[in-house]
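Topology and contacts: notes
Below are the chains, spelled out letter by letter.
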Amino acid sequence: MIDHEAVAKRYRDQAEEFRVKSEMMRDESARRQYLKIADAFDGLADNEDMLALKNKYPSIGSQIHSGECGAPSSRPTNPSPPASSG
């Protein structure tokens, strides 16, 4: 059986690595791409979290899938890039 919690943690760690790397990018386009990749890893982690919950609590699995449970996302949000003046 897959350890969805461990997979989610690995994805969140990878997302954080891309956020750190994005801070090193001088090119704004490259920085945004790294942040998009980080967001994608966070999305994968969210999916793994849902699978872990479904396995742990099968009776609420359908509520989680449909968004009825109202659980807040643990996903960090990336700030919007500053508006360029020009």
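Residues numbered from 1 in each chain as written. Predicted model: local features only at pLDDT ≥ 70, side-chain atom pairs only at ≥ 80, totals over all residues. Heavy atoms only, no water.

As a further point, take the pattern of salt bridges. By the definition in use, this model includes 8 salt bridges. For D13, the salt bridge is made with K9, and the minimal N-O distance between the two is 2.8 Å. Placement of both D13 and K9 in helix α1 (residues 4-24) is noted, with a separation of 4 residues, approximately one turn of the helix. Since its relative accessible area comes to 37%, D13 is described here as partly exposed. Note on K9: relative accessible area 51%, which makes it exposed. The salt bridge partner of D49 is R12, with a shortest N-O separation of 2.4 Å. Separated by 37 residues along the polypeptide, D49 in helix α2 (residues 28-56) and R12 in helix α1 bring together distant segments of the chain. Residue classification places D49 among the partly exposed residues on the basis of a relative accessible area of 24%. What emerges from the salt-bridge pattern is a single network uniting R12, R19, D39, D42, D46 and D49. (Salt bridge = Lys/Arg side-chain N within 4 Å of Asp/Glu carboxyl O. Helix = DSSP H or I, 4+ residues; strand = E, 2+ residues; numbered from the N terminus. Buried < 20%, exposed > 50% of the residue type's maximum accessible area, 1.4 Å probe, protein only.)

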